[in-house]
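What follows is the residue order along each chain.
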Amino acid sequence: NAGVTQTPKFRILKIGQSMTLQCTQDMNHNYMYWYRQDPGMGLKLIYYSVGAGITDKGEVPNGYNVSRSTTEDFPLRLELAAPSQTSVYFCASSSTGGGSNEQFFGPGTRLTVL
Amino acid sequence: DAKTTQPPSMDCAEGRAANLPCNHSTISGNEYVYWYRQIHSQGPQYIIHGLKNNETNEMASLIITEDRKSSTLILPHATLRDTAVYYCIVRALPPQGAQKLVFGQGTRLTINP
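**Re the overall build of chain B**
Then, number 1: Scanning chain B for helices and strands turns up zero helices and nine strands.
Then, number 2: Taken from the N to the C terminus, the helices and strands of chain B come in the order β-β-β-β-β-β-β-β-β.
Then, number 3: Computed over the C-alpha atoms, the radius of gyration of chain B is 13 Å, within 12% of the 13 Å expected from 2.2 N^0.38 for a compact globule of 113 residues.
Then, number 4: Structurally, chain B occupies a C-alpha span of about 40 × 30 × 25 Å along its principal axes.
Then, number 5: Out of the 113 residues belonging to chain B, those deemed buried represent 45%.
Then, number 6: Nonlocal contacts in chain B, meaning residues at least 24 apart in sequence, comprise 56% of its contacts between residues at least 6 apart.
Then, number 7: As presented, chain B carries roughly 5,800 Å² of accessible surface, and 48% of it is formed by carbon and sulfur atoms.
Then, number 8: If the 10 positive side-chain charges of chain B are averaged to one point and the 9 negative ones to another, these points end up 5 Å apart.

And the structure:
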């Protein structure tokens, strides 16, 4: 199992450009999440999904969009990139129902907007 | 959601037990205590969770006070690889639906040789 994979690892964008951060999980998890982490801070939830076709906003959704067409993939779209979106982005997934609801995180995408 | 308070940093000698405290005085009856850690900007890693009983797994032990207002994560024999930021998170366990974790700034634990 690869777990949660994210691409790219690093990216530099110019102000106003757009891009899609890719996230894939091979654990057949229904729940997927996008977080961002600014320097020296904890993670903040951007969007999450409870299954294919269902997404919802987290704490800091402005400037982002998501889609969930398959169980495996949960891409995050940045439109009109701004310097405030410079951050490290983490994707995570978890299984449904009981247990610990442990979230499995990807390695992150480090994004710089200049 | 219950707020948590953690010391910003701690040091521990290699081979010793590392005891990381967390205060959560406003915790509700249905909220669990979760611990995650983040090693050098990698994605966070789940460690352990508990409701009111003490818990132990292969990574750590979790001690929750009887009134549930505080807890301690114990790494019994800390190694250099345990150097990381440790996050204490209090959340209810949803019977259905996503668990939206709220990360504070955590405790930066440094294990010294």
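**Describing the packing of aromatic side chains**
Then, number 1: Counted according to the given criterion, the structure contains ten aromatic pairs over all chains.
Then, number 2: Between Tyr-35 of chain A and Phe-105 of chain A, the ring centres sit 5.5 Å apart and the planes meet at 40 degrees, which makes this aromatic pair tilted. Of the two residues, Tyr-35 of chain A sits in strand E4 (residues 31-37) while Phe-105 of chain A sits in strand E10 (residues 104-105), which places them 70 residues apart along the sequence.
Then, number 3: A ring pair is formed by Phe-105 of chain A and Phe-103 of chain B, whose centres lie 6.2 Å apart and whose planes are at 80 degrees; its orientation type is edge-to-face. Of this pair, Phe-105 of chain A sits in strand E10 while Phe-103 of chain B sits in the loop between strand E8 (84-92) and strand E9 (107-112), each in a different chain.
Then, number 4: Note on Phe-105 of chain A: relative accessible area 12%, which makes it buried.
Then, number 5: Members of the aromatic cluster, each reached through a chain of ring pairs, are Tyr-33, Tyr-35 and Phe-105 of chain A together with Tyr-36, Tyr-46, Tyr-87 and Phe-103 of chain B.
Then, number 6: Sitting over the face of the ring of Phe-74 of chain A, Arg-68 of chain A holds its NZ or CZ atom 5.9 Å from the ring centroid.

**Concerning the nonpolar core**
Then, number 1: If you look at the biggest cluster of nonpolar residues, it comprises 21 residues, and the most contacted ones within it are Trp-35, Leu-73, Tyr-86 and Leu-109 of chain B.
Then, number 2: Sorting the residues of this core by element identifies strand E2 (18-23), strand E3 (31-38), strand E4 (45-50), strand E6 (61-64), strand E7 (70-75), E8 and E9 of chain B as the ones contributing at least two each.
Then, number 3: With four residues, E8 of chain B is the largest single contributor of residues to this core.
Then, number 4: Non-local contacts of Tyr-86 of chain B, meaning those with residues more than four positions away in its chain, are made with Gln-6, Leu-20, Trp-35, Tyr-36, Arg-37, Ile-47, Leu-73, Leu-75, Gly-106, Thr-107 and Leu-109 of chain B.
Then, number 5: Tyr-33, Leu-45 and Phe-105 of chain A together with Tyr-46 of chain B belong to the second largest nonpolar core, which has 20 residues in total.

**Some points on the interface of chain A and chain B**
Interfaces are often sized by the amount of accessible area the parts lose when they come together.
Then, number 1: The interface of chain A with chain B comprises 22 residues on the first partner and 22 residues on the second.
Then, number 2: Together, the buried faces of chain A and chain B total about 1,700 Å²; carbon and sulfur atoms form 54% of this surface.
Then, number 3: The interface formed by chain A and chain B contains zero salt bridges.
Then, number 4: For the pair chain A and chain B, the number of links is five residue pairs in polar contact (both at pLDDT 80 or more).
Then, number 5: Of all elements in the fold, only E4 and strand E5 (43-51) of chain A reach the threshold of two or more residues within the side of chain A that touches chain B.

**Side note on the sheet that holds E6 of chain B**
Then, number 1: Spatial strand order, E2-E7-E6-E5 (chain B): four strands in an open sheet with antiparallel pairing. On the outer flanks of this sheet lie E2 and strand E5 (55-56) of chain B, each paired with one strand and no other.

Each value, and the rule that gives it
Residues numbered from 1 in each chain as written. Chains lettered and ligands numbered in written order. Predicted model: local features only at pLDDT ≥ 70, side-chain atom pairs only at ≥ 80, totals over all residues. Heavy atoms only, no water. Helix = DSSP H or I, 4+ residues; strand = E, 2+ residues; numbered from the N terminus. Rg over C-alpha atoms; globule rule 2.2 N^0.38 Å. Buried < 20%, exposed > 50% of the residue type's maximum accessible area, 1.4 Å probe, protein only. Contact = heavy atoms within 4.5 Å. Areas by Shrake-Rupley, 256 points an atom, 1.4 Å probe, with all protein chains shown as cover. Lys, Arg positive; Asp, Glu negative; His and termini not counted. Charge placed at Lys NZ, Arg CZ, Asp CG, Glu CD. Phe/Tyr/Trp six-rings, centres within 6.5 Å; stacked < 30°, edge-to-face > 60°. Lys NZ or Arg CZ within 6 Å of the ring centre and 35° of its normal. Core = buried A, V, L, I, M, F, W, Y, C linked by side-chain atoms within 4.5 Å. Buried area = accessible area lost by both parts, 1.4 Å probe. Salt bridge = Lys/Arg side-chain N within 4 Å of Asp/Glu carboxyl O. Polar contact = N/O pair within 3.5 Å; in protein donor to acceptor, adjacent residues only side chain to side chain. Pairing = 2+ DSSP bridges.

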